[in-house]
Amino acid sequence: MTVPAPHREFLDDVLPKIRRDPRVAGVAVGGSIAHGEPDEYSDVDIVVVVDDAAFEAVLGERFALIGSWADLVAAFTGEHVGEPRLVISLTGPRLLHVDFKFVRVADFGERTSDPKILWERDGALTQALAAAPLAKEPLDEQWLEDRFWVWVHYAATKLGRGELFDVLGFLAFLRETVLGPLIAVRAGLAPRGVRRLEFVAPDAARELQATVCGYDAKEAASAVLASVELYRRWRGAVERSARAEELAVRYLADVVGAGGR
């Protein structure tokens, strides 16, 4: 793997320390490093695979363990992304974002992308991957359609009231949850918000710029209208919510026409 020097030096330093713990069955790396596309701004996504019987004990010690492996500057757990086994950290002295995910051997095969195994004891990680198929991460476009027009109405109410900070946040939400993933799946990629769209789908990314605006009511209204138009163009074969779409678009047009506050 071609890895930037700070990331490679970090891995070279931390891996021997992790291996000393007999409860650890192996170490893998995910994310951009595993996919072969890291750069100097990439995170280091480490998967620490623990013997099943020792997992709870290791999980209880995870902050102390990470502190013994690396110069730990700051860290917190990943409940906000639905992953309490994850520790999101900054390590030093040269700051590096490192995610440490602790998993049982029995759970290591559950994945949506393949990690790169850095080290394993007795082939445990290789066996776990071979025993479990790679799970795809499909985008549920019907789920989006069922909600999109309610979200459009919400944006219109915020425009009408003049709550532009709310509108700006809503536009970012739409790019992250709806438009970015639609671009990704049409480019044959996993839906990961707006990650790397400028590089993997530059034409669509340029069109997406129409949904970005400053703190200005007219710009915000244009950005919401552009979001609706792009969604209509990019959505797939879904059961369309025709009446909701018609009424939400009409309501939005009325608010925009009235100029809001």
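These numbers come from a predicted model, not from an experiment.

A.B. asks: Looking at this structure, I do not really get the overall build of the protein. What am I missing?
C.D. replies: Looking only at helices and strands, one finds 11 helices and six strands in the protein. For the C-alpha atoms alone, the extent of the protein along its principal axes is close to 70 × 40 × 35 Å. The buried share of the protein, taken over its 261 residues, is 43%. Counted over contacts in the protein with a minimum sequence separation of 6, partners at least 24 positions apart contribute 62%. Approximately 13,800 Å² of the protein is accessible, and the part contributed by carbon and sulfur atoms is 53%. Once the 31 positive and 40 negative side-chain charges of the protein are each reduced to a mean point, those two points are 3 Å apart.

A.B. asks: Can you walk me through the sheet that holds strand β5 (residues 96–104) in this structure?
C.D. replies: Strand pairing in a sheet takes place through backbone hydrogen bonds and is either antiparallel or parallel in direction. Spatially, β3-β4-β5-β2-β1-β6 is the arrangement adopted by the six strands of the open sheet, whose pairing is mixed. Of all the strands in the sheet, the pair left with one neighbour each is β3 (71–78) and β6 (116–120). Strand after strand, the sheet turns through a mean of 25° between neighbouring axes, direction not considered. As defined by bridge partners, β3 adjoins strand β4 (residues 83–92) across seven bridges and the pair is classed as antiparallel. Paired with D71 across the two strands is G92, which belongs to β4. Helix α5 (residues 124–131) contacts β1 (24–30), β2 (44–50) and β6 of the sheet and is inclined by roughly 140° relative to β6.

A.B. asks: Looking at this structure, I do not really get the packing of aromatic side chains. What am I missing?
C.D. replies: Here the structure, examined in full by the defined rule, presents nine aromatic pairs. For the ring pair F148 and W149, a centre distance of 4.8 Å and an interplane angle of 85° mean the geometry is edge-to-face. F148 gets classed as buried once you look at its relative accessible area, which sits at 0%. Of the residues examined, W149 reaches a relative accessible area of 3% and is grouped as buried. Measuring from centroid to centroid gives 5.8 Å for W149 and Y231, while their planes differ by 75°, and the two rings are edge-to-face. With W149 in helix α6 (residues 141–161) and Y231 in helix α10 (residues 217–234), this pair connects stretches of sequence that are 82 residues apart. Residues W149 and Y231 agree in their burial class; the two are buried. An aromatic cluster is built from W69, F100 and F102, whose rings are joined through pairwise contacts.

A.B. asks: Help me out: how do you make sense of helix α1 (residues 5–19) in this one?
C.D. replies: With 15 residues, α1 ought to run about 21 Å at 1.5 Å a step, and its terminal C-alpha atoms sit 22 Å apart, in line with that. Taken together, the buried positions of α1 are occupied by H7, F10, L11, V14, L15 and I18.

A.B. asks: Where do I start with the pairing of β4 in this structure?
C.D. replies: Regular strands place their side chains on alternate faces of the sheet. Burial analysis of β4 places seven of its 10 residues in the buried class, the great majority of the element. The antiparallel hairpin formed by β3 and β4 contains four residues in its connecting segment, where G82 sits at a positive phi of about 75°. Between β4 and β5, which pair antiparallel one after the other, the connecting turn spans three residues.

A.B. asks: What is the right way to look at the environment of R147 in this model?
C.D. replies: Within the element layout of this structure, R147 appears in helix α6. Along the chain, R147 and A244 lie 97 residues apart, while their C-alpha atoms are 9.6 Å from each other.

Calculation notes
- Residues numbered from 1 in each chain as written.
- Predicted model: local features only at pLDDT ≥ 70, side-chain atom pairs only at ≥ 80, totals over all residues.
- Heavy atoms only, no water.
- Helix = DSSP H or I, 4+ residues; strand = E, 2+ residues; numbered from the N terminus.
- Buried < 20%, exposed > 50% of the residue type's maximum accessible area, 1.4 Å probe, protein only.
- Contact = heavy atoms within 4.5 Å.
- Areas by Shrake-Rupley, 256 points an atom, 1.4 Å probe, with all protein chains shown as cover.
- Lys, Arg positive; Asp, Glu negative; His and termini not counted.
- Charge placed at Lys NZ, Arg CZ, Asp CG, Glu CD.
- Pairing = 2+ DSSP bridges.
- Axes fitted to C-alpha atoms, helices over the stretch in contact; angles between N-to-C directions.
- Phe/Tyr/Trp six-rings, centres within 6.5 Å; stacked < 30°, edge-to-face > 60°.
- Expected span 1.5 Å × (residues − 1).

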